[in-house]
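Residues per chain are reported as follows:
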Amino acid sequence: MSQLTWGGRFSGDTDDRVVALTESISFDRRLYRQDIRASQAHARMLAEVGLLSKDEADAIVRALDEIGGQIERGEFTFSTKLEDIHTHIERALIERLGDVGRKLHTGRSRNDQVATDVKLWVRDGIDALDALLRDLQKALVEAAERDRDLVLPGYTHLQRAQPVLAAHYFLAYVEKYERDRGRLADCRKRTNVLPLGAAALAGTSLPIDRASVARQLGFESVAANSLDAASDRDFALEFVFDLSLIALHLAGWAEEWILWSTTEFGFLELPDAFCTGSSIMPHKKNPDVLELIRGKTARVVGDLQRLLVLLKGLPLAYNRDLQEDKEALFDAYDTVHASVELAAAMIRETRFRKEVIASRLEDGFLDATTLMEHLVLQGVPLRTAHEAVGKLVKACEERRCRLAQLPAELFDAIKPGLSGSVHKVLGVANALAAFKSAGSTAPAEVEKQIAQWRQKL
Ligand code: ARG
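Calculation rules
- Residues numbered from 1 in each chain as written.
- Predicted model: local features only at pLDDT ≥ 70, side-chain atom pairs only at ≥ 80, totals over all residues.
- Heavy atoms only, no water.
- Helix = DSSP H or I, 4+ residues; strand = E, 2+ residues; numbered from the N terminus.
- Buried < 20%, exposed > 50% of the residue type's maximum accessible area, 1.4 Å probe, protein only.
- Near = heavy atom within 4 Å.
- Polar contact = N/O pair within 3.5 Å; in protein donor to acceptor, adjacent residues only side chain to side chain.
- Areas by Shrake-Rupley, 256 points an atom, 1.4 Å probe, with all protein chains shown as cover.
- Nonpolar A, V, L, I, M, F, W, Y, C, P; charged D, E, K, R; others polar.
- Lys, Arg positive; Asp, Glu negative; His and termini not counted.
- Salt bridge = Lys/Arg side-chain N within 4 Å of Asp/Glu carboxyl O.
- Contact = heavy atoms within 4.5 Å.

Draft legend 1. Representation of unusual backbone geometry. Omega for the peptide link from Leu 316 to Ala 317 comes to 0°, which places this bond in the cis form. Relative to the assigned elements, Ala 317 resides in the loop between helix H11 (288-311) and helix H12 (325-349). For His 157, which is not glycine, the phi dihedral falls at a positive 55°. Considering the arrangement of structural elements, one finds His 157 in the loop between strand S1 (151-156) and strand S2 (159-165). Note on His 157: relative accessible area 74%, which makes it exposed. The backbone of Leu 158 sits at a positive phi, close to 60°, despite the residue not being glycine. Within the secondary structure layout, Leu 158 lies in the loop between S1 and S2.

This is how it looks when you write it as structure tokens:
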């Protein structure tokens, strides 16, 4: 008799090349915990509705626990001949329990089974990642508190623009990861709808109780349409999109820190434990971890692309194409998981080279915009003020000096008496202290935000 679950109408062996093409056990074994959890809930439900006796369900639940233990300990034998994780576990159950094991699949199909397992896996993945992102946010808030008084040059177009507090910089990423967490929570809602009971595509004539399975597995509700439930992978796609955006946020930060750790910037001293050396250049300390966090974003975005193309144009309901969803899903998750974990560690261990930052902070006219706004407060129309400060910057470039070093006449020529008040806004420290608006880098605003995040995390 065939070892396969569908051997009845077939004679002879499957071609080896077909076995190799169609197997998924080499990657979906990773779903074993979810498969066992879902099967145990299914068995208990079958007993509730009288399709199994209480003893039979108990025996199945116990045997599934044992099989799970075997897999956990690496004592379970996997074979590509048995296709996938669902077949392996059911086959092992039948080996232990005989006819009782042969009843487990009552009222379900591998189609709704795999959809349920993957949803449980994504749910677990979302919960684990949410905890990691929260820790990353905590690391960023700690860094904001540690360097609350440090002023950095802020950039647009990677050109010096206006001064920002280092704390403001770190909190910018806290906001990004907060949105990422919000997206994951949102994805979790749509994931948390039970497919099991859709059976192959149309449901079943057996008196199953889907609400019981949903309750046991912590699903919020039961999928309303069996054709949709057996074919839906929107949640996987959504999850991998959410992962892609996290990867993008990490990549932007990694790029920044790669630049900041160069001799040219010199802003950061990266910890040795997160760098590697060169086999030929003895002086090198390379930011490989940051480069790989940036580089691995390509994998995650590639995984998203892979899922998008995979799901395009599939007719209802289940198609075997769907088996190809898992590797992209697992890879995207593993990659982002590792990157988020390392990012938090690096943020905790990296220190700014404050003297280098301070030694060049007055370069680049970081106070020019604040000077312009000061003119506006003196009644000069904004466009006029913009042009006047532009000319002052040009004068500085000709004289190779800073705005604060220009002669008083140049200010008074813009508006009589102006030279008497510009010292209040010139120089980076003054320019920074002048900020006021909500959400700005104004020290009081930043303190408020640090306190809010402290409270929240
Ligand atoms: N290994 C399959 C998958 O991952 C399980 C479902 C197989 N269903 C089927 N009708 N062949 O999608």
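Draft legend 2. Spatial organisation of the site of the ligand. Neighbouring the ligand are the residues Ser 24, Asp 84, His 86, Arg 110, Asn 111, Val 114, Tyr 318, Arg 320, Gln 323 and Lys 326. Within the contact set of the ligand, a nitrogen atom lies 3.4 Å away from a side-chain nitrogen or oxygen of Ser 24. Between a nitrogen atom of the ligand and a side-chain N or O atom of Asn 111, the distance comes to 3.0 Å. Coverage of the ligand by the protein amounts to 86% of the 340 Å² it exposes when considered alone. Here the residues of the shell around the ligand are counted per class, giving two nonpolar, four polar and four charged.

Draft legend 3. View of the side chain of Asp 35. Note that Asp 35 resides in helix H3 (residues 32-48). Salt bridges are absent for the buried Asp 35, whose nearest opposite-charge side chain, Arg 108, sits at 5.6 Å. For Asp 35, the side chain forms a polar contact with the side chain of His 86, separated by 2.8 Å. Residue contacts for Asp 35: discarding those within four places in its chain leaves Ile 85, His 86, Ile 89, Gln 113 and Asp 117.

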